[in-house]
Number of protein chains: 2
Amino acid sequence: MKTIAIYGELGSFTEQAALNYFGKAKLLPNRYISEVFDAVESGSADLGIVPIENTIEGAVTQTYDQLLGLRINIVAETILRINHCLVANPGVKLSNVKRVYSIQQALGQCKEYLQKLRVETVPFYDTAGSVKTIKEQGMEDAAAVASARAAKIYGMQILAKDIETNKHNFTRFLIVSRKGNLSKGDKTSLVFTVRNNPGSLYDALRSFADSNIDLTYIQSRPVIGKPWVYNFYVDFKGDKNDKNVKDALRLLKKSTKSIKILGSYKKAQTRRV
Amino acid sequence: MKTIAIYGELGSFTEQAALNYFGKAKLLPNRYISEVFDAVESGSADLGIVPIENTIEGAVTQTYDQLLGLRINIVAETILRINHCLVANPGVKLSNVKRVYSIQQALGQCKEYLQKLRVETVPFYDTAGSVKTIKEQGMEDAAAVASARAAKIYGMQILAKDIETNKHNFTRFLIVSRKGNLSKGDKTSLVFTVRNNPGSLYDALRSFADSNIDLTYIQSRPVIGKPWVYNFYVDFKGDKNDKNVKDALRLLKKSTKSIKILGSYKKAQTRRV
């Protein structure tokens with residue numbers, strides 16, 4: 001059985017995504033996204049699973065920054081519909097709740113509901129970790145934003161369901177490995193930095209078009225220590241061994257300072273709400 | 001004297017950027033970035049100033065999302081070198097500090113220093129707001145990551161200076177107004193969404209190259225309620241009334257679903273460390 005490093009405690013959305021994707025597997029919870037990558041790079045886990053993007057909150061920047069790791073390859077992606085619940089200790093009434101714990105993104109996704117409740121929001125390291133802490137400390141005036149599964153795992157009470165503002169709430173997760181994919185993919189991710197010349201970003205992007213490659217996504221992140229220099233992350237259709245992708249990479253080398261192919265993998269499908 | 005809505009309390013980095021840029025002005029502190037935009041849109045402030053990007057932490061996504069507001073124009077930008085201090089109540093020793101408050105970004109920028117201290121980090125709404133709260137509640141076991149100016153304003157003690165991991169730490173701020181700039185700029189920002197066709201992102205980007213426009217930055221943010229559809233924010237050299245920019249906009253209209261010109265303004269210079 002494979003060992004999978006996951007972000008967050010048991011009951012986190014990443015655990016749910018891992019269960020959906022892998023079925024039976026040995027899951028290793030981690031408090032930080034960087035620890036999932038450490039586990040994969042060091043070999044203490046076979047694979048890692050981390051959130052990369054949410055349709056309300058946008059890119060998970062900690063994940064983007066970790067993808068630069070030398071031994072990290074993306075081998076798959078999976079999409080999960082996010083349903084938030086308000087979770088508290090058994091016996092706690094909604095009117096007792098003064099503080100609500102969760103990760104910043106989840107609090108943001110439930111902002112309208114939480115504003116009506118007139119509670120203080122407390123950013124915390126994990127959704128399921130919030131439930132766990134509220135239970136362990138026996139808090140009577142606090143609740144967590146987390147999944148129904150987290151409530152069940154920790155034997156807690158659900159005070160409200162479907163509290164997210166927008167129901168089109170999906171998170172896309174990446175599965176990362178030390179080894180690249182052997183099977184053919186229909187989607188490739190890579191990251192590049194451009195030379196510091198006028199037009200160099202456009203030249204880089206033109207490499208894809210000149211090779212008839214459909215760019216589907218661009219995200220930028222700063223290069224630490226080099227103000228106003230960026231890593232550009234792109235997703236496009238095709239496998240890294242396709243002829244036109246190889247052509248594009250040859251062109252791209254001319255206009256960029258560095259390129260890292262993050263991986264080719266099967267594009268995940270979104271089940272509509 | 002103009003009224004300027006700023007993000008954060010007096011003593012925040014945004015206040016420092018406002019003082020550097022405007023000299024004398026009436027500053028209105030705001031707890032949330034969205035409140036700065038509300039003040040500008042409603043007319044209760046003449047201008048607003050908000051962080052848009054830090055060279056370590058990347059894009060300030062709350063600001064990007066607010067730029068979509070109908071009456072919002074970017075009229076200027078300014079860059080500030082960020083120096084973090086560890087700030088506590090007078091008489092508190094470094095060895096007493098168990099918890100450190102600040103905004104998530106500032107805690108992230110000082111991660112190495114804080115990890116060595118072996119303290120708990122507490123994400124809070126503002127750097128200067130953390131100093132203010134620690135003072136008001138007379139906390140003896142807590143400190144804040146904030147500016148030297150925040151320490152001075154609230155009569156607090158600086159326990160350590162220059163605690164940021166990376167010294168190439170700059171934040172770029174935008175100045176926003178209901179009215180666009182009348183004077184000519186050398187930098188323009190706009191946001192567009194593409195049609196849902198293959199190649200449409202590239203077609204949009206080609207509009208700039210075909211008009212000889214040097215694209216310097218791209219950032220993407222999700223369109224809320226439309227999974228996997230994005231707003232793409234671009235910065236480029238030139239003024240919105242330049243002939244080649246007008247050409248590019250005409251081309252861009254063909255391949256995009258919507259365009260909003262955010263403003264043309266003078267590019268800010270970075271003073272090196």
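Residues numbered from 1 in each chain as written. Chains lettered and ligands numbered in written order. Predicted model: local features only at pLDDT ≥ 70, side-chain atom pairs only at ≥ 80, totals over all residues.

*Asks:* Before we move on, can you summarise the sheet that holds strand 13 (residues 215-222) of chain B with the specific residues and values?
*Replies:* All names here are of chain B. If you walk across this open sheet you meet the 4 strands as 13-14-12-15, and the pairing is antiparallel. Strands with a single pairing partner mark the edges of an open sheet, and in this sheet they are strand 13 and strand 15 (256-265). Looking at each pair of strands side by side, their axes are set apart by 20 degrees on average, direction ignored. Direction of pairing for strand 12 (residues 187-194) relative to strand 14 (residues 230-237): antiparallel, over a ladder of 6 bridges. Paired with Lys-187 across the two strands is Lys-237, which belongs to strand 14. Where helix 9 (residues 243-255) meets the sheet, its contacts fall on strand 12 and strand 15, and the angle it forms with strand 15 comes to roughly 155 degrees. (Pairing = 2+ DSSP bridges. Helix = DSSP H or I, 4+ residues; strand = E, 2+ residues; numbered from the N terminus. Axes fitted to C-alpha atoms, helices over the stretch in contact; angles between N-to-C directions. Contact = placed C-beta atoms within 7 Å.)

*Asks:* Kindly report on the pairing of strand 6 (residues 85-88) of chain A, identifying the contributing residues and their values.
*Replies:* All names here are of chain A. Side-chain alternation along strand 6 places Cys-85 and Val-87 on one buried face and Leu-86 and Ala-88 on a second face that is also buried. In the sheet, strand 6 pairs with strand 9 (residues 142-146) via 3 bridges, with the strands oriented antiparallel. The residue bridging Val-87 from the neighbouring strand is Ala-144, located in strand 9. In the sheet, strand 6 pairs with strand 10 (residues 157-160) via 3 bridges, with the strands oriented antiparallel. For Val-87, the partnering residue across the bridge sits in strand 10 and is Ile-158. (Buried ≥ 20, exposed ≤ 12 C-beta atoms within 10 Å, placed from the backbone.)

*Asks:* Could you give me a rundown of the domain arrangement of chain A, with the residues and numbers involved?
*Replies:* For chain A, the assigned domains are domain 1 (3-81 + 169-177), domain 2 (85-160) and domain 3 (187-265). Of note, the centres of domain 2 of chain A and domain 3 of chain A, computed from C-alpha atoms alone, are 41 Å apart. (Domains from an automatic or database assignment.)

*Asks:* Describe the environment of Ser211(A), listing the residues and the values that go with them.
*Replies:* Residue and element names in this part refer to chain A. Mapping Ser-211 onto the fold places it in the loop between helix 8 (200-210) and strand 13 (215-222). For the pair Ser-211 and Glu-77, spaced 134 residues apart in sequence, the C-alpha to C-alpha distance is 25 Å. Beyond its immediate sequence surroundings of up to four residues, Ser-211 is in contact with Asn-244, Asp-247, Ala-248 and Leu-251.

*Asks:* Describe the sheet that holds strand 13 of chain A, listing the residues and the values that go with them.
*Replies:* Residues and elements named next belong to chain A. On the basis of which strands lie adjacent, the open sheet formed by 4 strands has the order 13-14-12-15 and antiparallel pairing. Among the strands making up the open sheet, the edge pair consists of strand 13 and strand 15 (256-265). Averaged over all pairs of adjacent strands, the angle between strand axes in this sheet comes to 20 degrees, irrespective of strand direction. Where strand 13 meets strand 14 (residues 230-237), 7 bridges bridge the pair, whose relative direction is antiparallel. Across the sheet, Arg-221 pairs through a bridge with Asn-231, a residue of strand 14. The strands touched by helix 9 (residues 243-255) within the sheet are strand 12 (187-194) and strand 15, with strand 15 carrying the most contacts at an inclination of about 155 degrees.

*Asks:* Can you explain the interface of chain A and chain B? Please cite residues and give values.
*Replies:* Counting from both sides, the interface comprises 32 residues of chain A and, opposite them, 32 residues of chain B. At the level of secondary structure, the elements contributing two or more residues to the side of chain A that touches chain B comprise helix 8 and strand 13 of chain A. Among the elements that take part in the side of chain A that touches chain B, strand 13 of chain A stands out by supplying 8 residues, more than any other. Of the residues that constitute the side of chain A that touches chain B, the class distribution is 16 nonpolar, 12 polar and 4 charged. (Nonpolar A, V, L, I, M, F, W, Y, C, P; charged D, E, K, R; others polar.)

*Asks:* So what about the relation of the copies chain A and chain B? Which residues, and what values?
*Replies:* Turning chain A through 180 degrees and shifting it by 0.0 Å along the axis lays it on chain B, with an RMSD of 0.0 Å. Read as a symmetry element, the transformation amounts to a two-fold axis. Scanning chain A for the C-alpha nearest the rotation axis identifies Gln219(A), at a separation of 2.8 Å. (Least-squares fit on C-alpha atoms with pLDDT ≥ 70 in both.)

*Asks:* Go over the packing of helix 8 (residues 200-210) of chain B against helix 9 of chain B with me, naming the residues and quoting the values.
*Replies:* Residue and element names in this part refer to chain B. Running from N to C, helix 8 and helix 9 point in directions that differ by 170 degrees, and their axes come no closer than 8 Å. For the element pair helix 8 / helix 9, the angle class is roughly antiparallel. Contacts from Ser-200, Asp-203, Ala-204, Ser-207, Phe-208 and Asp-210 in helix 8 reach Ala-248, Leu-251, Leu-252 and Ser-255 in helix 9. (Parallel < 35°, antiparallel > 145°, perpendicular 65-115°, else oblique.)

*Asks:* Give me the lowdown on unusual backbone geometry, citing residues and values where you can.
*Replies:* What you tend to see is this: most non-glycine residues have negative phi, and most peptide bonds are trans. Residue and element names in this part refer to chain A. Not every positive phi belongs to a glycine, and Asp-162 is a case in point at roughly 50 degrees. In this structure, Asp-162 sits in the loop between strand 10 and strand 11 (170-177). Overall, Asp-162 belongs to the exposed group, with 12 C-beta atoms counted inside 10 Å. Notably, Trp-228 is not glycine yet its phi reads approximately 70 degrees, a positive angle. Its location among the elements puts Trp-228 in the loop between strand 13 and strand 14.

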